[in-house]
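A closer look at the structure
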Amino acid sequence: MKIGLFGTVLAAAFCVAAAGPAALVDFGAETPALEIHRAAENGQTGVYRTLPDGKRGLRFEWDNGSANHFEFVLKEFRKLPEFDAAEIRVTAYLPPEGTPRTLNVRLRDRDGEMFQFSQPVPAEASGWREFRYRIDPLKPDAGSWYGGKKANKKIDFPACFAGFAGDFRSHAGTGWIGLEKVEFTVTSAPPLLSLDTGKGSAIGVLTPGEEKQLSLRLENRRPGTLTPELSWSITDVSGKAAGEGKWSQVLESGKTAEIPLPPPRKFGVYYLDLRLKESAGAAADVRRLSYAYLAPAGPVAGKREEFVFGICAHLRGKPAEEQRREAMAAAWCGATLIRDDASWGRIQPKPGEWRFEVYDPIRELLAEYGLEWAPILNFPPLWSRAADSRPRRKGGCHRPEYHDWARFVRGFAAHYRGKIRSVEIWNEPDHPGFANFSGEEYVELLKTAYREIKAVAPELSVLSGGVAGLQSEEQKRLFRLILESKSCDMLAFHGHGGLGGYRPQVANLLKLRREAGADTPWFANETAISAILIGELRQAEILFQKFLYSWANGASGYNWYDLRNDGDDPGNNEHNFGLLTRDIRPKAAYAAYNMLANHYRGAEFLRPLAFGNGVEAFLFRGRDGKLLLAVWSNDAGADGIPLRLAGVTGMAAEIDLFGNMTPLPVRRGELAFKAGRRPATVRVEADAAGLQPGGAFLRSGAEFTVTPGSESTVTPEFVNPTGRPLAVKLAWKTPAGVTVRDAVRSLRLKPGEARKVPVRLAVAETFTPPEREPAVLQLGLELGALWKGSVGWPLHPVVRLAQGVPRTPTFVLRDASQVIPFVPNVPDKAHLFWKNAADLSAEIRLGRDKEALLFEAAVTDDVHHQPYAGAEAWKGDNIQIAMKLPGQNGLWELGLSRLRDNSGEAFCWLAPAGFPAEKTAAAIRLETSRDERAKRTVYRAAIPFRAIGLTEAAARRGFRFNLIVNDNDGEMRESCIGIAPGIAEDKDPERYPTLVIP
């Protein structure tokens, strides 16, 4: 076990010292959600109410005859600071009769190991009592369980307060206990590092004018003097260094040192990596903090703009201090609406009992920060379960009785009339985890809610429950039912994931609405992507793209899901959706959202601009009258394409993803800019009708392939889209192992001229691209006086196949960037997302003999599951191989499977014209094996050249080859991992590697 040597918090974060106790849970001031073990079966409930002596708290009740103990946890565990010794104090009320025999508190550590600390409850005790639990993380006086192989009976940080348990004194009658508060006192702790960013310290935001405030504070919480050694480095989201330093001095007990940090030069998110030793020669502890430098886009006061800038959040049940920090963070980045659950079961735990005090403080807190509360009515109480409902599966949210539902929604609307503007009827009614009943039953709930709400609050906008997606026929059918019901003022839609999967779903939504003859507006009211497989920077880019794509396709608003990470596990999909980390530090997406709110709030969408060349561009008019062109490139080759924009009448500038503005030169009413893979905004002064796309200066789509050990020629194509001659200057920069020979350094293009420019590259025999990133051929480019910048092309080396199967893998598949997930983004599927190489990875070896392409794949997969065969084999564990051979009309797509009976099967889905698919599949020789202990499946195949029509000439010339490995652990095809794109998403052989047989 490694217990951290120092704690790290933001300046306003939860921090306790030896001076006194700090509240972990205050049941009198907050109402945290509970998870009670077998609540109904054991007759146990927890309700918040006034306890004896007038104090409010949690009254936990039980039936002694149904169980011999109780146990419950908080749905939101309370994170503890790191400590060497601490004490937990619980203030509890003991009734004269029916008390428990013990009162236990539970802590959970980093690895999921649970610790239970116990105190006896005296039989004669009654009234208010204080229970104390001393905590030593290295030698905890506690029982422990869970944690798997990492369980070590020691508390590994970060650790959390989880909940309570207790043994019953009697086996008859009933009992209860009242809980008022849980306090935590640190009696000894490692040094504490906090980050000061000025007035935004509570959320890790540094604002213009406060740059000199940026500093680290190091507090000595040991009883004696320390001479700590601290080193630090700062990088931006692209990994570029932004500063480093070292610090060491004598620090007396209880004292705090302030260490200034260099102010950032550009808006964005920065990562502060820290390395601290308590003394020379001591073990070092390493941590990372993040902070954002930005001009806050909010809070926004007054009238709401037409397009809604919203965020989903989960505020209920969290400490009041954390709720306030979340509200602050949402308001500062420019949000005006918070979508959150309003659980029926918590508002009305019993028939006729109304507990609006559960949500009133949340609505009031949000209003304090200029945020509108947009509640989702869902999670019915058990007492409302409909007797005639037929569940779609085990578990999930039941359908309530319609008359109970009618009374609830009417009462809710009456209470909140004039305090909210909208209400959503259920969450994801297409997903049985949230709606375990039929589409017809959901529509009846929607109709009932619409009728009852409009009867008491006709001005309240009613949203349909946001459907998770519009991909399956079942989802489309439900959406048609919602449209036909005419029982909502707004259609809500989710569609998590990247833009590539989102785009066709939005098209389906618009098509279904058009077919129904409806004009009901739609709201992208919960849509995002987790950073788990793509990283925080790509998450920010997708936020920009989906937000503005939704707006450009008629959405009335956009809610990112969600404000804050739901957990700390970097391998858990559900834990990584937030704009903020779990400990409320900004991620790259937070700064991107702030940029959107700063520049697009109050804007008007005008039209898309068609540049072609894989470029997407959407034109808006900003609230100041200037035009905003949101633009990015989907080109698979170059990292960006210089474009021409005509009709500019004034100043112009480019605004990057985080709000940094760079002036763009305007010449004779036109300008040039680079549309890159990272989206950006071009801000111009122009008449909207006269602003026109003026073409590209570079042809898109080119991917450059080179042959190690020989000379290769790549051929970019330059274009002059202007009406005047254009002088072009070229400066090539090559990666290690590649040199340019006799390159053209300049050219002059006539108006409208396109010219291919061959570039000869000498490629070393040892040339190998980096493992995670391709080697890039960089071009410094000047386009007359219009634009100066750079364009890069990835260089893909040709793979030469030798005799036999090589010992060294030809391709290694083990990185998150090679994974494509197919799992829906819903909580009960989070376990299916790829986490690491043990889930799915592969080593691919390719060779040849005189007659065949030799193939070997060693696939690491925790569960081998292949119940399918033939055309459906791709649904189970399977390998899909795609090839494009010179001179053939069409693509090869082959499948290799190890079937349920342990036999091997080869199948052919696609064959070029003139080739029989079945005959080709039959010619493939395949052997498979499975080592269950090593969790490894091996596929060995020989694909005859004659069967696929690969001639010697074509083999020497080179052919395209790609593959994906599909993964299904028993529930669904959850993901695949592949060499290159172009199989699972679409069929694009131009993106495949090139194989050569000398």
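Residues numbered from 1 in each chain as written. Predicted model: local features only at pLDDT ≥ 70, side-chain atom pairs only at ≥ 80, totals over all residues. Heavy atoms only, no water.

The protein chain is annotated in an unreviewed UniProt entry as Carbohydrate binding protein with CBM9 domain of Victivallis vadensis.

**A few points about the pairing of strand S13 (residues 174-188)**
Counting buried positions along S13 yields 12 of 15 residues, so the element is predominantly enclosed. One ladder, built from four bridges, connects strand S2 (residues 22-26) with S13; its direction is antiparallel. Looking at S13, one finds that Asp-26 is bridged to Lys-181. Sheet analysis places strand S7 (residues 85-94) next to S13, joined by nine bridges and oriented antiparallel. Residue pairing across strands places Tyr-93 opposite Gly-178, the latter belonging to S13. (Buried < 20%, exposed > 50% of the residue type's maximum accessible area, 1.4 Å probe, protein only. Helix = DSSP H or I, 4+ residues; strand = E, 2+ residues; numbered from the N terminus. Pairing = 2+ DSSP bridges.)

**Here's the deal with the pairing of strand S5 (residues 56-63)**
Taken together, the six bridges between strand S4 (residues 45-50) and S5 define a ladder with antiparallel strand orientation. Bridging from a neighbouring strand, Thr-50 pairs with Arg-56 of S5. Joining the antiparallel neighbours S4 and S5 is a turn of five residues, in which Asp-53 adopts a positive phi near 75 degrees. Direction of pairing for S5 relative to S13: antiparallel, over a ladder of six bridges.

**Looking at unusual backbone geometry**
With an omega of 5 degrees, the peptide bond between Phe-157 and Pro-158 qualifies as cis. You can see Pro-158 is positioned in the loop between strand S11 (143-145) and strand S12 (160-167). Cis geometry marks the peptide bond from Gly-298 to Pro-299, where omega comes out at 5 degrees. Tracing the backbone shows Pro-299 in the loop between strand S21 (285-293) and strand S22 (308-312). Residues other than glycine seldom take positive phi values, yet Lys-486 does so here, at roughly 50 degrees. Considering the arrangement of structural elements, one finds Lys-486 in the loop between helix H7 (473-485) and strand S27 (491-493). The class of Lys-486 is exposed, set by a relative accessible area of 70%. Phi is positive for Asp-742, which is not a glycine, with a value near 50 degrees.

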